[in-house]
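# Working through the structure, step by step
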Amino acid sequence: DTVLILRAGHKPEKVRMLNIDAPEKSQPYGRQSQQTLASLVLKRQAEVQITAHDQYGRLLGQISVDGLNINEEQVKRGMAWEFSGFHSNRVYVALQSEAQQARRGLWAQTSPQAPWQWRKLHPSVKPTVTNQSAASQRSTPVMLYDMECGRKRRCSEMVSCDEAHFYLARCSVKTLDGNHD
């Protein structure tokens, strides 16, 4: 339910997807949810509509790739719970109900534990606050990358300068800066 966006000339930014809450990585279906999200958005041009910041300073938004609403798709595939504030969004409620009835994804489990319940039992470090302006981010085309460091070590393996910068800054891949500039 969180992706890292890269825009030309900007630092990578986290976007928390609106109306959904996905299992944590260590939780059952956490890795499957992450892999499904990656298959939908990784290294793809996307439209991100930012609506606000959460209490941790992350951007909150809706992600679309080629007209497909990725937030809704995660719920439809059973890879996330609808989390629309007191179940107020009927679209998400219906998508979750359909996934439950079809026993898709995490709903194949007998008694799946909601991520908000799991997090209470497994507290972790909260994200740091950023000072980005949400208004300047609306409907900005971006490239989405996996939020984890991969095995890339050379510029020739990167698809963009932004991706190389991410690997240098976030993953500390020093081979990308041979002359230390």
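Note that the structure is a prediction, hence the values are computed from the model and not measured.

### A look at the nonpolar core
Proteins that are soluble and globular tend to have nonpolar side chains buried together. Formed by 20 residues in total, the largest nonpolar core has its most connected members in Val3, Val15, Met17, Val41, Ile63 and Ile70. For this core, the elements supplying multiple residues, two or more each, are strand E1 (2-6), strand E2 (13-17), helix H1 (30-41), strand E4 (45-53), strand E5 (59-65), helix H2 (70-76) and helix H3 (90-102). Residues contacting Met17, with those up to four places away along its chain left out, are Asp1, Thr2, Val3, Leu37, Gly61, Ile63, Ile70 and Asn71. Formed by five residues, the second largest nonpolar core is a distinct cluster that contains Ala99, Leu106, Trp107 and Ala114.

### With respect to the confidence of the model for the protein chain
Of all residues in the protein chain, 78% attain a pLDDT of 70 or more, and the chain-wide mean is 81. Predicted confidence for residues 125-141 stays below pLDDT 50, and this span has 35 contacts to residues more than four positions away or in other chains.

### Section: the packing of aromatic side chains
One pass over the structure, following the stated rule, counts three aromatic pairs. Aromatic side chains Trp81 and Trp107 sit 5.3 Å apart centroid to centroid with 65 degrees between the ring planes, which places their arrangement in the edge-to-face category. On the criterion of sequence distance, the pair formed by Trp81 in strand E7 (residues 81-82) and Trp107 in the loop between H3 and helix H4 (115-121) is long-range, its members being 26 residues apart. For the residue pair Trp81 and Trp107, the accessibility class agrees, reading buried in each case. A centroid spacing of 5.2 Å and a plane angle of 35 degrees characterise the contact between Phe83 and Trp116, whose relative ring orientation is tilted. Of this pair, Phe83 sits in the loop between E7 and H3 while Trp116 sits in helix H4, and the two are 33 residues apart along the sequence. For Trp116, a relative accessible area of 30% corresponds to the partly exposed category.

### As for the pairing of E2
Taken across its five residues, E2 has four buried, putting it largely inside the fold. Pairing analysis gives four bridges linking E1 to E2, with the strands arranged antiparallel. When the sheet's bridge partners are listed, Thr2 is paired in E2 with Arg16. The antiparallel pairing of E1 with E2 creates a hairpin that spans six residues between the two strands, and Gly9 there sits at a positive phi of about 80 degrees. Here three bridges tie E2 to E5, and the two strands are oriented parallel to one another. Of the residues in E5, the one forming a bridge with Met17 is Gly61.

### Examining the pattern of salt bridges
Note that side chains of opposite charge can pair when their charged atoms are close. Summed over all chains, the structure comprises eight salt bridges. Where Arg119 meets Glu24, a salt bridge forms, and the shortest distance between an N and an O atom there is 2.7 Å. In this pair, Arg119 is assigned in helix H4 and Glu24 in the loop between strand E3 (20-21) and H1, connecting sequence segments 95 residues apart. Under the relative-accessibility criterion, Glu24 is labelled partly exposed at 26%. With its nearest N and O atoms 2.7 Å apart, the salt bridge here joins Asp66 to Arg44. Of this pair, Asp66 sits in the loop between E5 and strand E6 (68-69) while Arg44 sits in the loop between H1 and E4, placing them 22 residues apart in sequence. Exposure remark for Asp66: the relative accessible area of 69% places this residue in the exposed category.

### Things to note about the environment of Gln109
With respect to the element layout, Gln109 can be found in the loop between H3 and H4. Taking the C-alpha atoms as reference points, Gln109 and Pro28, separated by 81 residues in sequence, lie 8.9 Å from one another. Apart from the residues lying within four places of it in its own chain, the contact partners of Gln109 are Pro28, Tyr29 and Arg103. Polar contacts involving the side chain of Gln109 include one to the main-chain carbonyl oxygen of Leu106, which spans 3.0 Å.

Definitions and cut-offs
All residue numbers refer to positions counted from 1 along the written sequence of the respective chain. With pLDDT at 70 or above as the cut-off, local features in this predicted model cover only qualifying residues; side-chain atom pairs require 80 or more to be listed or tallied, and sums for whole chains, interfaces and linings still use all residues. Side-chain measures here rest on the full set of heavy atoms in the structure, leaving out hydrogens and waters. Nonpolar core, defined: a set of buried Ala, Val, Leu, Ile, Met, Phe, Trp, Tyr and Cys residues in which side-chain atoms within 4.5 Å join the residues together. Remark: exposure states derive from per-residue accessible area (1.4 Å probe, protein chains only) relative to the maximum for the residue type, with buried under 20%, exposed over 50%, and partly exposed in between. Secondary structure elements follow DSSP: runs of H or I no shorter than four residues count as helices, runs of E no shorter than two count as strands, and numbering proceeds from the N terminus. What makes two residues a contact is simply this: any of their non-hydrogen atoms within 4.5 Å. Summary of the metric used: pLDDT quantifies the predictor's per-residue confidence within the range 0 to 100. Here a Phe, Tyr or Trp ring, Trp counted by its six-membered ring, pairs with any other such ring whose centre lies within 6.5 Å, and the pair is stacked when the planes are under 30 degrees apart, edge-to-face when over 60, and tilted otherwise. Pairing between strands requires that DSSP locate at least two bridges from one strand to the other. We define a salt bridge as a contact between a side-chain nitrogen of Lys or Arg and a carboxyl oxygen of Asp or Glu at a distance within 4 Å. N or O atoms closer than or at 3.5 Å make up a polar contact, with two conditions inside protein: a donor-capable atom paired with an acceptor-capable one, and, for residues adjacent in sequence, both atoms drawn from side chains.

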